[in-house]
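Residue-level structure breakdown
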Amino acid sequence: MTSGTGVENTERGVSEVDTAHELDLYRQMLLIRRFEERVYLLYLQGEIPGTLHQSQGQEAVAVGVCDVLQRTDWITSTHRPHGHALAKGVDLRAAMAELFGKATGCCGGKGGSMHLGDPSVGMLPAIAIVGGGNTVVTGLGLAFKLMRTDQVAVCFFGDGASNEGAFHEGLNFAAVQHLPIVFACENNLYGASTPFHETSLVPDVATRAAAYGVRGEIVDGMDVLAAREAAGRAVAEARAGDGPSLLEFKTYRFAGHSRGDVRGYRSRDEEADWKERDPIVRLRERLALTLDEGILDETDTQVEAALDEAVEFARQSPLPRPEDALTGAYATVIGREATP
Amino acid sequence: MTVAAGPANGERRLTIAEALREAIAEEMRHDEKVFLIGEDVGVPGGFGGAFGVYLGLTEEFGHDRIIDTPISEKAIAGAAIGAALMGMRPIPDLQYADFLFECMDELVNQAAKMRYMSNGKLSVPMVLRCPVGTANRGAQHGQCPESYFVHVPGLKVVCVSDAYHAKGLLKSAVRDDDPVLFFEHKLLYGSKGREQAGGMDLTAHVPEEEYFFPIGKAVVKRAGTSVTVVATQMSLYRALAAAEELAHDGIECEVIDPLTLLPLDEETIFASVRKTGRLVIAHEDTLTGGWGAELAARVAEECLYSLQAPIRRAASHDVPLPVAPVMEQTVVPSQARIKAAIQRCCEG
C-alpha cells in the first residue's frame, strides 16, 4: 500500500522506519500471505476459476518496493501479481472479486488473476507474458520524462524474464534515455521448474546492469527493510533524474509455480532453508522485541477479518453480464459492434 | 458512398511523403503530447526516417519530440505503448513493416489488449507507421503484412494509397484513442530520389486548409456497373489501369479503395456488390489468409444472392518474395493478372 505514514525519501536515501511503520509493513506482508493462502483454497474448492500463481515467500519485495512509491508512481507486474497489487494499493475487495470473475472486480472480470491492476492506484493490468512489462515500462518512464513530472515507474519481473530479449532492449533503452525507472527483478531461483543456474552462466541478474551502464544491486529479498532501503535509494535516484537501475531481489516462492505444481524439481531441504528466512516471521520476531505480542496478534486478527469481508463481498457480487464480453476492446467503436 | 473528387486546375498537389509530413507537423503543433520515436528519425545529417518523411521536422520540433532510438523494435513499440497508456500520443516508426514481427508481443499482447483487460480504464492512442511493398528488396524487406493485424481485436488497420487520404487518415489516426497500424507502400511515397511507381503521377490534391478523413470509410475511386473491384495501394492503381482497358470491352469496373481494413467499411462495399453482382479483390499481401479472404467471406455471408459469379482474388502468390525483378513481378498481382481476374469474374 502506498504509504500514508508521511515518510519521505531523502535525496539519495530513504528515511528510517519507526515501529508503527514496521508494524504496517508486517500487516501488508501478512495480508498478502493470507490472501494467497485463501485464494488457493477457494480455487481448489471451485469458487475461483482459471489458474493461480502464488507469491508466498516473496512478500518482502512487493511490500518493501511499493512502500517507497507514491500513489502517482506506477508499477508493471507479472503473471504472479497478487502481492504487487495489494502492496500498490489495489482495493482488497476489488482484487478478490476479480479473482472470482465478478463485475465488481478491479478489471470487471476481464482480467482475472494474471491481469490484476488498477490505473487509479498506479498499476497497469499485470502483464502475464514473461518480459512483457520490461519494454512497456520504458514508455511509462518516457512519458514522465516528456511531461516533466517527477513520477517513477517500477517494473517487477522474474529471473526468467532476464533471458528474454525484452529485458535487454528495455534496460538499454531506459539507460540511453535516462528514464526514471527501477527494474525490480524477483529472482526466486526457478523459471517455472527450471533452475536459473541452468539458464545463465552469470549467477546474478544484477551484474547484467553493467552491460547497459546502469547501477545494479543485489538485495536480500527476504528482508522487507532491506528491500525497502534499496528500493528507496533507486527510486530517489530515478526521481532525481539519475536514470534507471536494476535491483535483484534474492527470494523464494514457497508454493509451486502454479496450481498443481508438486515441486518435484527442488529438495525439501532447500525449501526448509528458505523458510528459515521467512520475511514475515523475521519481521514479527523483530517487532516482538519492542511490541506487545497482543498487538501483533490483533494485527493477525484484523487481516483475517479483512479477508473474510473481501471473500464475502466477492461471493455476493454480481457476475458480469455475458454481453459485456463483446464490448470494451476499442475506445472508439467504428461500424458494427459484435453481437451475441 | 463517397466518390473521390478529381483534381481541379491550379490546385495544390503533394506526394504521400509530403502529405504525411504535413499531417505529422500539424498534429505536433496542435498537441504537444504527439511525438515521433524510432530509428533514424531525427539524426542531424540523417535520412529523415527510412523514406524521408520526417525531413525538416527535427528543426521545428527538436529532439525532445523527435526521438532517435537504438535498433530495438521491442523497445520502440513498448515505449510507444507505455507512453500512450500515460496519455501521450506517440507515432512510432519501424522503418519496414517486415520488422513488425520483432515486436509482435508488444503489439498483439499489450497494445491491443490493455484497454479490454483494464475494463476500459486505459487506452493506447498511438499510430505505428509501417512501410510495405515489394521494391526489389527480397523476402525480408518487401512484405505486406497487414492481414496479420486485421486478425487482432483491439487494433485498427489503415492502408493508404494517395496523398489526400494519407494526410486525412493520419490526422484522424493520431487523434484516435485506439492503436492504429498505418500501412504505406514504399513505391507510392514519391520521395525525391526514390523509386517511382513505373512513371505514375504520385501526387494528389491536398487542400491547404485542415481536414480529416475518417477511419472506417472506403472511397469509390472509379464508378461502374459491371463488377466491383476492391484493391489497395499498388494493386489499386493496377486495378484502375485494368479498368480503363476493360472499359473498351464494355466492362465498367467500380473500383473501391477500402482505406481502412479493420474495421472494414462493409456498407460501401456491400452496396457496390449488390449493384454490380460481382466482386474481385486485389492485394499485394499473400493469398492464403489475406484480408481479401475475410472480405470474400463477409460478402458471401451478406450478399450471396446478389452475386452472379464466384468471387475472384488477385493476390501475391504464397511464396516468399524473390529479388530478381522478373521473378518478383511473377509473385505480386500484376495489372495483367488483376485484369484476368476481372475478366474471369465477368464471364459467368
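Calculation notes
Residues numbered from 1 in each chain as written. Chains lettered and ligands numbered in written order. Predicted model: local features only at pLDDT ≥ 70, side-chain atom pairs only at ≥ 80, totals over all residues. Heavy atoms only, no water. Pairing = 2+ DSSP bridges. Helix = DSSP H or I, 4+ residues; strand = E, 2+ residues; numbered from the N terminus. Axes fitted to C-alpha atoms, helices over the stretch in contact; angles between N-to-C directions. Contact = heavy atoms within 4.5 Å. Core = buried A, V, L, I, M, F, W, Y, C linked by side-chain atoms within 4.5 Å. Buried < 20%, exposed > 50% of the residue type's maximum accessible area, 1.4 Å probe, protein only. Domains from an automatic or database assignment. Salt bridge = Lys/Arg side-chain N within 4 Å of Asp/Glu carboxyl O. Expected span 1.5 Å × (residues − 1). pLDDT = per-residue confidence, 0-100. Phe/Tyr/Trp six-rings, centres within 6.5 Å; stacked < 30°, edge-to-face > 60°. Disulfide = S-S within 2.5 Å. Buried area = accessible area lost by both parts, 1.4 Å probe. Polar contact = N/O pair within 3.5 Å; in protein donor to acceptor, adjacent residues only side chain to side chain. Parallel < 35°, antiparallel > 145°, perpendicular 65-115°, else oblique. Left-handed = near helix turned anticlockwise from the far one by under 90°. Nonpolar A, V, L, I, M, F, W, Y, C, P; charged D, E, K, R; others polar.

**Describing the sheet that holds strand β10 (residues 227–231) of chain B**
Residues and elements named next belong to chain B. Taken together, the 5 strands give an open sheet; going across it, the order is β9-β11-β10-β13-β14, and neighbouring strands pair in mixed fashion. Of all the strands in the sheet, just β9 (219–222) and β14 (312–316) have a single pairing partner and so form its edges. Strand-to-strand twist in this sheet, taken as the mean axis angle between neighbours without regard to direction, amounts to 25°. Where β10 lies against strand β11 (residues 253–257), 4 bridges are found, and the strand directions are parallel. Paired with Val230 across the bridge in β11 is Ile256. Its contacts with the sheet place helix α12 (residues 335–347) against β10, β11, β13 (279–286) and β14, and it is angled at close to 165° to β14.

**Things to note about the nonpolar core**
In terms of nonpolar packing, the biggest core is built from 85 residues, with A:Leu124, A:Phe183, B:Leu85, B:Leu100 and B:Phe183 touching the most fellow members. Sorting elements by how many residues they give to this core places helix α3 (residues 73–85) of chain B first, with 9 residues. Here this core spans two domains, since at least three of its residues come from each of domain 1 (13–205) and domain 2 (219–347) of chain B. Look past the residues within four positions of A:Leu124 in its chain and what remains in contact with it is A:Trp74, A:Ile75, A:Thr76, A:Leu116, A:Gly117, A:Val136, A:Leu140, B:Leu85, B:Met86, B:Met114 and B:Leu122.

**Focus on the pattern of salt bridges**
All names here are of chain B. Tallied over the full model, the rule gives 56 salt bridges over all chains. When the shortest N-O distance is used, the salt bridge between Glu22 and Lys167 registers 2.8 Å. With Glu22 in helix α1 (residues 16–30) and Lys167 in helix α7 (residues 163–175), this pair connects stretches of sequence that are 145 residues apart. Of the charged contacts, one joins Lys74 and Glu106 as a salt bridge, the two residues approaching to 3.3 Å between their closest N and O atoms. Of this pair, Lys74 sits in helix α3 while Glu106 is found in helix α4 (residues 104–111), placing the two residues 32 residues apart along the sequence. Assigned by exposure class, Lys74 and Glu106 land together as buried. Within the structure, one salt-bridge network assembled from shared partners comprises Arg12, Glu22, Glu26, Glu27, Lys167, Lys171, Arg175, Glu208 and Glu210.

**Some points on unusual backbone geometry**
Looking along the chain, the bond that leaves B:Leu262 and enters B:Pro263 is cis, with omega of 0°. As for its position among the elements, B:Pro263 is in the loop between β12 (260–262) and α9 (266–276). Positive phi outside glycine occurs at A:His178, with the angle close to 55°. On the secondary structure map, A:His178 appears in the loop between α6 (165–176) and β3 (181–187). Residue A:His178 is classed as exposed on the basis of its relative accessible area, which comes to 53%.

**So, helix α8 (residues 233–247) of chain B**
Relative to the 21 Å expected for 15 residues at 1.5 Å per residue, α8(B) spans 21 Å between its end C-alpha atoms, a close match to the ideal helical length. What α8(B) keeps buried is the set B:Gln233, B:Met234, B:Ser235, B:Leu236, B:Arg238, B:Ala239, B:Leu240, B:Ala242, B:Ala243 and B:Leu246.

**What to know about the confidence of the model for chain B**
In this model, chain B carries a mean pLDDT of 94, and residues with pLDDT of at least 70 account for 94%. Note on residues 1–6 of chain B: pLDDT under 50 across the span, and 11 contacts to partners over four residues away in sequence or across chains.

**Some details on the packing of aromatic side chains**
With the rule as written, the count across this model stands at 11 aromatic pairs over all chains. Aromatic side chains A:Tyr252 and A:Trp274 sit 5.1 Å apart centroid to centroid with 5° between the ring planes, which places their arrangement in the stacked category. A residue pair is termed long-range when its members are at least 10 positions apart, and A:Tyr252 in the loop between β7 (245–250) and α8 (268–275) and A:Trp274 in helix α8 qualify at 22 residues. Residue A:Tyr252 is classed as buried on the basis of its relative accessible area of 0%. Taken together, a centroid distance of 5.5 Å and an interplanar angle of 65° make the contact between B:Phe51 and B:Tyr96 edge-to-face. Linking B:Phe51 in the loop between β2 (34–38) and α2 (57–61) with B:Tyr96 in the loop between β4 (89–93) and α4, this pair joins segments that are 45 residues apart in sequence. Taking relative accessible area as the criterion, B:Phe51 reaches 6% and is therefore assigned buried.

**As for the state of the cysteines**
What makes a disulfide is a covalent bond joining the sulfur atoms belonging to two cysteines. Applying the stated criterion across every chain, the model contains 0 disulfides over all chains. Not part of a disulfide, B:Cys103 finds its nearest cysteine sulfur in B:Cys130, a span of 8.6 Å.

**Things to note about the domain arrangement of chain B**
Interfaces are often sized by the accessible area lost when the parts come together. Residues and elements named next belong to chain B. Here the domain parsing of chain B yields domain 1 (13–205) and domain 2 (219–347). In this structure, domain 1 and domain 2 have C-alpha centres spaced 26 Å apart. Taken together, both faces of the contact between domain 1 and domain 2 bury some 2,300 Å²; the carbon and sulfur share is 59%. Interface area lost by domain 1 to domain 2 is led by Thr134, Asn136 and Cys159, which between them contribute 23%. Along the contact surface separating domain 1 from domain 2 lie 1 salt bridge. Taken together, the connections running from domain 1 to domain 2 amount to 15 residue pairs in polar contact (both at pLDDT 80 or more). Elements with a minimum of two residues in the side of domain 1 that touches domain 2: α6 (146–150), β6 (156–159), α7 and β7 (180–185).

**Some words on the packing of helix α2 (residues 59–67) of chain A against helix α7 (residues 224–239) of chain A**
Residues and elements named next belong to chain A. Following both chains from N to C, one finds α2 and α7 inclined at 40°, their axes separated by 7 Å at the closest point. Viewed along their axes, α2 and α7 adopt a mutual orientation that is oblique. Crossing handedness for the pair α2 and α7: right-handed. Contacts between α2 and α7 pair Ala60, Val61, Val63, Gly64, Val65 and Asp67 from the former with Val224, Ala227, Arg228 and Ala231 from the latter. Taken together, the residues of the contact of α2 with α7 break down into 7 nonpolar, 1 polar and 2 charged.

**Side note on the interface of chain A and chain B**
In this assembly, 42 residues from chain A lie in contact with 48 residues from chain B. A combined buried area of about 3,500 Å² lies between chain A and chain B, and 66% of that area is made up of carbon and sulfur atoms. Considering only the side of chain A, the residues that lose the most area to chain B are A:Glu169, A:Tyr330 and A:Ile334, jointly responsible for 18% of the buried surface there. The interface formed by chain A and chain B holds 2 salt bridges in total. Between A:Asp118 and B:Lys121 there is a salt bridge, and its shortest N-O distance comes to 3.8 Å. In this assembly, chain A and chain B are joined by 14 residue pairs in polar contact (both at pLDDT 80 or more). Of all the elements in the fold, those that place two or more residues in the side of chain A that touches chain B are α5 (132–146) and α6 of chain A.

**Thoughts on the pairing of strand β5 (residues 127–132) of chain B**
Within a regular strand, the side chains alternate between the two sheet faces. All names here are of chain B. For β5, a buried count of 6 out of 6 residues is recorded, marking the element as mostly surrounded by other parts of the structure. Every second residue of β5 is oriented toward a common face, with Val127, Arg129 and Pro131 on one face and Leu128, Cys130 and Val132 on the other, all of them buried. The pairing of β5 with β7 spans 6 bridges and is classified as parallel. The residue of β7 that forms the bridge with Cys130 is Phe183.

**Points about the side chain of B:Glu184**
All names here are of chain B. In this structure, Glu184 sits in strand β7. Glu184 gets classed as buried once you look at its relative accessible area, which sits at 1%. Here the side chain of Glu184 touches Arg129 through a polar contact of 2.7 Å, side chain to side chain. When neighbours within four sequence positions are excluded, Glu184 is seen to be in contact with Leu20, Arg129, Cys130, Pro131, Val132, Val160, Tyr189 and Gln233.

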